[in-house]
Amino acid sequence: MSEPILITGAGIVCAIGLDKTEVLHALLSEQTGIKPLKYLKTTHKEFPVGEVKLSDEEMATKLGIASDAPTTRTSLMGMMALEEALTEARLNRHDRESNNVAFVSGTTVGGMDKSEQYYNDFLANDSRNAYIATHDCGSCTEMIADHFGGFSVITSISTACSSAANAIITGANMIQAGITDMVVAGGSECITKFHLNGFNSLMILDQNNCRPFDATRAGLNLGEGAAYIVLESASSAAKRGVRPLATLSGYGNACDAYHQTASSPDGEGAFRAMEEALAMASLQPDNIQYINAHGTGTPNNDQSESAAMRRLFGNAMPFVSSTKSFTGHTTSASGSIETVICLLAMKHRFCPVNLNWQNADDECVVPVHQKLSDIALHHVLCNSFGFGGNDSSLLLSDINL
Amino acid sequence: MRKIYIQSAEQISIQKPLCDEWMDAPELYDGPYTRSIDPNFKQYLSPTESRRLGKILKRALVTSVEAIRNSHTEMPDAIITGTGLGCIENTEFFLSALCNDGEQLLKPTYFMQSTHNTISSLISIHTGNHGYNVTYSQKGMSFDSALLDAWIQLQMSKIDSALVGGHDEMTPSYFTLLQRIGYVGGDMQGVCGECAVSFMVTADATDGMCQLGGIKMLYHPSADMLRNALSALLTEAELDEQDIDFVMTGVNGKKSNDEVYDKLVETLFPDKPLLRYKNVFGECYSASGLGLYTAASCLKRNSIPEFLKYGGIKSKRDDPRNILMVNQYENKMFSFIILKSACCK
Amino acid sequence: MDDLILELKKQIIEVLNLEDVKPEDIDDDAPLFGEGLGLDSIDALELIVLMEKNYGIKLKDPNQGKEIFKSVKVMADYIKNNRTK
């Protein structure tokens, strides 16, 4: 890479916290955010989920949005996370405008939380037209961007569970190509009946708390949330005098090209994505200390991802854990939520625990299942794999190297 | 700047599919809405392959396979798709079952085929392509976003080729919804259609339809920002303002849309001959992909059908060398794309 | 039993959108997955929905499908013994 890409701000909202401080506390005290359903109005109360612990109304109030303004839960969570990231990076509106800051956000359900409530009204009458306009992915990105203003380019990526990771990759490419010096990238996704029922129809939800990489694992728990990071060229960060959190030193995007919902047994897409990230950073497998795995807790993903990791790392397997045991599977937002979790882990020198792991599975790696602190994480991989084989991997490096 | 070419382009739309017969004898529509003219898919896809695929997926697959076949690139380094609504028909099947029949006995196939990236991943599964694969969904800028991504990576030599597609379908029910929010319908003197278009975009100059000179995207730009972006684009494409022979806009017969283009033309291109394509291909979120296809087809043929021309300014030349495409959405999002004749240096 | 088998074949064709296949084309004992009709894991999920919707049989574990959907005959036997509708 020509010039290092720095991360100069980060914001997060998820089941274990409304900001980085709360999320860090939950990770260190091993408190999961996966609980019985509270906010989503569904008949499927049997599935534990990682909901953000605020109603839409509470989020709107926090953001200063009028209660009758048409918004979506995805947008509201996105705004909360973006606020934290922009504040940390010291990017007010004027700064954004004068630096041509771009905004790239990943989502798949967009405003579906409202569409699934009002779809019959959409068809029959004009009473809910405002929510027709908020249904699609791009509209959610617009609402998040417009709440703050000052972005010179916006776009949305929709690659299912790797959306936010790919948003970060696109942002990094924009900076490398010289289109801009700064991109805010990440993703947001709320739980909807649509995809709760969708995943249920695929029979990959667990009625118990998920157990990534465990021999008894039986599926995933859905989660929701948002996270954004500020990507910035080194020269811009130096000029602005902002202190970076880490470097995005490599990334990879590859397609499994196997099946629309299942991952290949040898994890080909995952393997290529991780390998590409390493190559971009000019690093070897044994330079990696920790992998934040995609680790959904489904029999298929965890086996496939383990196969890919074993192919790449062999005997030099780093520490591995899935934090979906804390947050649930936050689908489109998972790439950025887990990136921010990695940033916290690097700063505070610990490996997040893979909760609920007890039984080794020959086909899976053994994850970090006990407290692991006071550890220097120089280089960390963060994996996100989406339906359709959209596999992405981000490589974060310690800024002090 | 690295020279980039459009080597092939295939479409399924409201015009005759997978050919350029529309240039000589376009289908004419009164509006307000029509669905694409589909080819006989059985010629391209086996029953086993296609049984689960809705229209948008079949169209995306066939245009992609044909674009690859008609290029010199068997395995593109990237597959990048833009779609405004994704697989809306399958989404609606699942959603209406959810709303009307409740949360039981829902069909997994509809859910599985409803996500936006089903399109891109289907192409990769069918062709065995492990390369870079991403889907953009930003309403009227969905295709433009996909093209920008391809352009960026081609310029950095991260890739040498990309299959770039714009795909959107329009069900009758969703047309009703989009009428309600004023995107189409109302006073619109034009047709709303569907889009499936795939391009092989590559650094390989062999048999190129045309050159891709560059692309810029903007959000909420001021007049100055638009002017500066245009100027930068021309410089990168090694062109002067007078080298632009035609400006292609997205006028579609809807007052609120066309007014924005009229103002842009008045400010930035007051003396340029104008072209349009939505009178032929209709309006939909990825229609700009069909705009690019239209411009590329004109450059390949070295002539422009009369029915694409509008406005009072007559061109000094019939053979186009450089076409500037302008796309805008809701007077908020803008893009400029330059296409040059393949033989231009 | 023959009625059930014929009914099942028609339902399978409809639910899995096997356009060019007629009931007489499906052999009672031919494998449905892998070879034979060449169905896959998503089809298995659709058949699970079919079993619940039409015959009131609820499968909790998708892996049960491997045995139950071996062939139309095996599937019909299972339905005959477990149907609640």
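Bear in mind the structure is a predicted one, so any value in this text is a computation, not a measurement.

Draft legend 1. Focus on the overall build of chain C. Looking only at helices and strands, chain C has four helices and zero strands in total. Going residue by residue from the N terminus, the α and β elements of chain C occur as α-α-α-α. Overall, the C-alpha framework of chain C stretches about 30 × 25 × 20 Å when taken along its three principal axes. The buried share of chain C, taken over its 85 residues, is 26%. A separation of at least 24 residues holds for 60% of the contacts in chain C among residues at least 6 apart in sequence.

Draft legend 2. Highlighting the overall build of chain A. On a plain count of helices and strands, chain A comes out with 14 helices and twelve strands. The globule rule puts the C-alpha radius of gyration for 401 residues at 21 Å, and the 19 Å found for chain A is close to it. With the principal axes as the frame, chain A shows a C-alpha extent of 60 × 55 × 40 Å. For chain A, buried positions account for 67% of its 401 residues. Considering only residue pairs separated by 6 or more positions, chain A has 79% of its internal contacts joining residues 24 or more positions apart.

Draft legend 3. Representation of the interface of chain B and chain A in the model. At the interface, 48 residues of chain B touch 57 residues of chain A. When contributions to the side of chain B that touches chain A are tallied by element, the ones reaching two or more residues are helix H3 (88–101), helix H4 (108–112), helix H5 (118–127), strand S3 (132–136), helix H6 (142–155), helix H7 (172–180) and strand S6 (210–219) of chain B. Across the side of chain B that touches chain A, the residue classes tally to 21 nonpolar, 22 polar and five charged.

Draft legend 4. Local environment of helix H2 (residues 41–55) of chain C. All names here are of chain C. For H2, spanning 15 residues, the distance from its first C-alpha to its last is 21 Å, which sits close to the expected 21 Å at 1.5 Å a residue. Where H2 is concerned, the buried positions are Ile42, Asp43, Ala44, Leu45, Glu46, Leu47, Ile48, Leu50 and Met51. Glycine 56 sits one or two residues past H2 and shows a positive phi near 70 degrees.

Draft legend 5. Broad picture of the domain arrangement of chain A. All names here are of chain A. Along its sequence, chain A is organised into domain 1 (5–240) and domain 2 (249–397). On the side of domain 2, 55 residues touch domain 1, which itself brings 60 residues to the contact. Looking at the side of domain 1 that touches domain 2, the elements that each hand over two or more residues are strand S1 (5–14), helix H1 (20–28), helix H8 (163–176), strand S4 (182–189) and strand S5 (225–233). Looking at the side of domain 1 that touches domain 2, the element that brings in the most residues is H8, giving seven residues.

Draft legend 6. Region of the structure containing the pairing of S1 of chain A. Residue and element names in this part refer to chain A. Taking burial as the measure, the ten residues of S1 include ten buried ones, the bulk of the element. Note: S1 against strand S6 (residues 246–255), three bridges, orientation antiparallel. Counted as the bridge partner of isoleucine 7 is alanine 246 from S6.

Draft legend 7. Fine view of unusual backbone geometry. Residues and elements named next belong to chain A. Of note in the backbone geometry, asparagine 100 takes a positive phi value of approximately 50 degrees without being a glycine. Position of asparagine 100 among the secondary structure elements: in the loop between helix H4 (93–98) and strand S2 (102–106). The class for asparagine 100 is partly exposed, based on 17 C-beta atoms found within 10 Å. Positive phi outside glycine occurs at serine 282, with the angle close to 50 degrees. Along the chain, serine 282 falls in the loop between helix H11 (268–280) and strand S7 (290–292).

Draft legend 8. Up close: the environment of leucine 54 of chain A. Counting through the fold element by element, leucine 54 of chain A comes out in the loop between H1 and helix H2 (56–63). Taking the C-alpha atoms as reference, leucine 54 of chain A lies 35 Å from asparagine 173 of chain A; in sequence the two are 119 residues apart.

Draft legend 9. Region of interest: helix H1 (residues 2–15) of chain C. Residues and elements named next belong to chain C. Spanning 14 residues, H1 covers 20 Å between terminal C-alpha atoms, matching the ideal 20 Å at 1.5 Å per step. Of the surrounding secondary structure, the elements contacted by the buried residues of H1 are helix H4 (72–82). Positive phi appears at asparagine 17, one or two residues downstream of H1, with a value of about 55 degrees.

Draft legend 10. Focus on the packing of helix H3 (residues 73–88) of chain A against helix H7 (residues 137–148) of chain A. Residues and elements named next belong to chain A. Where H3 contacts H7, the two axes come as close as 9 Å, and the packing angle between them is 40 degrees. On the basis of their axis angle, the class for H3 and H7 is oblique. For H3 against H7, the interelement crossing comes out right-handed. Along the contact surface, H3 presents Thr74, Ser75, Gly78, Met79, Leu82 and Leu86, while H7 presents Cys140, Met143, Ile144, His147 and Phe148. Residues belonging to the contact of H3 with H7 are distributed by class as follows: seven nonpolar, four polar and no charged.

Draft legend 11. Layout of the pairing of S4 of chain A. Residues and elements named next belong to chain A. With respect to burial, S4 is a largely interior element, eight of its eight residues being buried. Burial along S4 is two-sided: the face carrying Met182, Val184, Gly186 and Ser188 and the face carrying Val183, Ala185, Gly187 and Glu189 are both buried. In the sheet, S2 pairs with S4 via five bridges, with the strands oriented parallel. Looking at S4, one finds that valine 104 is bridged to alanine 185. As defined by bridge partners, S4 adjoins S5 across eight bridges and the pair is classed as antiparallel. Each residue of the ladder has a partner; that of valine 183, found in S5, is leucine 231.

Draft legend 12. Here's a closer look at the packing of H2 of chain A against H3 of chain A. Residues and elements named next belong to chain A. Where H2 meets H3, the axes come as close as 10 Å, and the angle between the chain directions of the two elements is 40 degrees. Taken as axis vectors, H2 and H3 run oblique relative to one another. Read as a crossing pair, H2 and H3 show a hand that is left-handed. Of H3, the residues touching H2 (which contributes Asp56, Met59, Ala60, Lys62 and Leu63) are Arg73, Leu76, Met77, Met79 and Met80. Residues that form the contact of H2 with H3 fall into these classes: seven nonpolar, no polar and three charged.

Draft legend 13. Looking closely at the environment of glycine 102 of chain B. Mapped onto the secondary structure, glycine 102 of chain B falls in the loop between H3 and H4. Once the C-alpha coordinates of glycine 102 of chain B and glycine 140 of chain B are considered, the two residues, 38 residues apart in sequence, prove to be 33 Å apart.

Draft legend 14. Representation of the environment of histidine 329 of chain A in the model. With respect to the helices, strands and loops of the structure, histidine 329 of chain A is situated in the loop between helix H13 (324–327) and helix H14 (334–348). Not counting chain neighbours up to four residues away, the residues in contact with histidine 329 of chain A comprise Leu220, Asn221, Leu222, Gly223, Thr296, Lys324 and Ser334 of chain A.

Draft legend 15. Region of interest: the confidence of the model for chain C. Chain-level pLDDT for chain C is 90 on average; 99% of the residues reach the 70-or-more range. Taken over the whole predicted complex, pTM reads 0.98, whereas the ipTM for its chain interfaces reads 0.98.

Rules behind the numbers
Residues numbered from 1 in each chain as written. Chains lettered and ligands numbered in written order. Predicted model: local features only at pLDDT ≥ 70, side-chain atom pairs only at ≥ 80, totals over all residues. Helix = DSSP H or I, 4+ residues; strand = E, 2+ residues; numbered from the N terminus. Buried ≥ 20, exposed ≤ 12 C-beta atoms within 10 Å, placed from the backbone. Contact = placed C-beta atoms within 7 Å. Rg over C-alpha atoms; globule rule 2.2 N^0.38 Å. Nonpolar A, V, L, I, M, F, W, Y, C, P; charged D, E, K, R; others polar. Expected span 1.5 Å × (residues − 1). Domains from an automatic or database assignment. Pairing = 2+ DSSP bridges. Axes fitted to C-alpha atoms, helices over the stretch in contact; angles between N-to-C directions. Parallel < 35°, antiparallel > 145°, perpendicular 65-115°, else oblique. Left-handed = near helix turned anticlockwise from the far one by under 90°. pLDDT = per-residue confidence, 0-100.

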